[in-house]
Amino acid sequence: MSSEEKLIHVEVVYALPQAQRVIKLAITPDTQVHEIIEQSGVLEMYPEIDLKKNKVGVYSRNVKPNATVHDGDRIEIYRPLLADPKEIRRKRAEQAKQEALDAKATE
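Throughout, residues of each chain are indexed from 1 in the direction in which the sequence is written. Residue-level local features of this predicted model are given only where pLDDT is at least 70; pairs of side-chain atoms are given and counted only at 80 or more, and the full residue set underlies all totals for whole chains, interfaces and linings. Based on all heavy atoms of the structure, the side-chain values leave hydrogens and waters out of the count.

An unreviewed UniProt entry lists the protein chain under the name UPF0125 protein EIZ48_07370, with Photobacterium alginatilyticum as the source organism. Per UniProt, the comment on the protein chain under Sequence similarities (unreviewed entry) is "Belongs to the UPF0125 (RnfH) family." UniProt positions are given in the numbering used here, feature names are shortened, and annotations may be inferred rather than shown by experiment.

Shown next as structure tokens:
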């Protein structure tokens, strides 16, 4: 890296249910997302992260691992969902419907 290359500042974020890890880095503008994540050291801290499986994004928008970022961007590593949100909503609706029927039956 020549002294004329301008560095940009980014954050790499990995959130767990009880904690959030934020790592700040200064990188060259042409550095790809997967390289930034590797440079951050987060893969060593959390060996369960697999960039072939975990999706990544910038400010809640999915990006490809070979994407580049801008100054001030936050690179997020997403954990897999434990449950399908649509399935959870469907079960809640069924439960509410059943509770309403039960309440009517006891009137």
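Past the structure itself, the notes keep going.
We define a salt bridge as a contact between a side-chain nitrogen of Lys or Arg and a carboxyl oxygen of Asp or Glu at a distance within 4 Å. Within this structure, the stated rule accounts for 4 salt bridges. For Glu11, the salt bridge identified is with Lys24, shortest N-O distance 3.9 Å. Of this pair, Glu11 sits in strand β1 (residues 8–15) while Lys24 sits in strand β2 (residues 20–27), and the two are 13 residues apart along the sequence. A relative accessible area of 26% means that Glu11 is categorised as partly exposed. Residue classification places Lys24 among the exposed residues on the basis of a relative accessible area of 65%. The salt bridge partner of Glu87 is Arg90, with a shortest N-O separation of 2.3 Å. Linking Glu87 with Arg90, this pair stays in helix α3 (residues 85–105), spanning 3 residues, or about one helical turn. Each residue is placed in one exposure class: buried if its accessible area under a 1.4 Å probe, protein chains only, is under 20% of its type's maximum, exposed if it is over 50%, and partly exposed if it falls in between. You can call Glu87 partly exposed: its relative accessible area is 29%. One continuous salt-bridge network, built from bridges that share partners, spans Glu87, Arg90 and Glu94. Strands are runs of DSSP state E lasting at least 2 residues, helices are runs of H or I lasting at least 4, and numbering of each runs from the N terminus.

Okay, a negative patch on the surface next. Two distance rules govern patches: like charges are joined within 9 Å, and nonpolar side chains (Val, Leu, Ile, Met, Phe, Trp, Tyr) within 5 Å, applied only to residues with over 30% relative accessible area and no salt bridge. Here the accessible surface of atoms and residues is derived via Shrake-Rupley with a 1.4 Å probe, and residues count as covered only by protein chains that are part of the display. Positive: Lys, Arg. Negative: Asp, Glu. His and the chain ends are not part of the count. To locate a charge, take atom NZ for lysine, CZ for arginine, CG for aspartate or CD for glutamate. There is a patch of like negative charges on the surface, built from Glu5, Asp30, Glu35, Glu38 and Glu44. In this fold, Asp30 is placed in the loop between β2 and α1 (33–40).

With mixed pairing, 5 strands are arranged side by side in an open sheet as β2-β1-β5-β3-β4. For this open sheet the edge positions go to β2 and β4 (61–63), each flanked by a neighbour on one side alone. This sheet shows a mean twist of 30° between the axes of neighbouring strands, independent of strand direction. A pair of strands counts as paired when DSSP detects no fewer than two bridges linking them. Inspection of the sheet shows strand β3 (residues 56–58) paired to β4 by 3 bridges, in the antiparallel sense. In this analysis an axis means a line fitted to C-alpha atoms, helices contributing only their contacting stretch, and an angle means the value between N-to-C directions, from 0 to 180 degrees.

Right, let's talk about the packing of aromatic side chains for a bit. Pairing of aromatic rings covers Phe, Tyr and Trp, the last through its six-membered ring, and needs centres within 6.5 Å; plane angles under 30 degrees mean stacked, over 60 mean edge-to-face, and all others mean tilted. In this structure the tally under the stated criterion is 1 aromatic pair. Taking the centre distance of 5.1 Å and the plane angle of 50° together, the rings of Tyr14 and Tyr46 count as tilted. On the criterion of sequence distance, the pair formed by Tyr14 in strand β1 and Tyr46 in the loop between α2 (42–45) and β3 is long-range, its members being 32 residues apart. The exposure class assigned to Tyr46 is buried, which follows from its relative accessible area of 18%.

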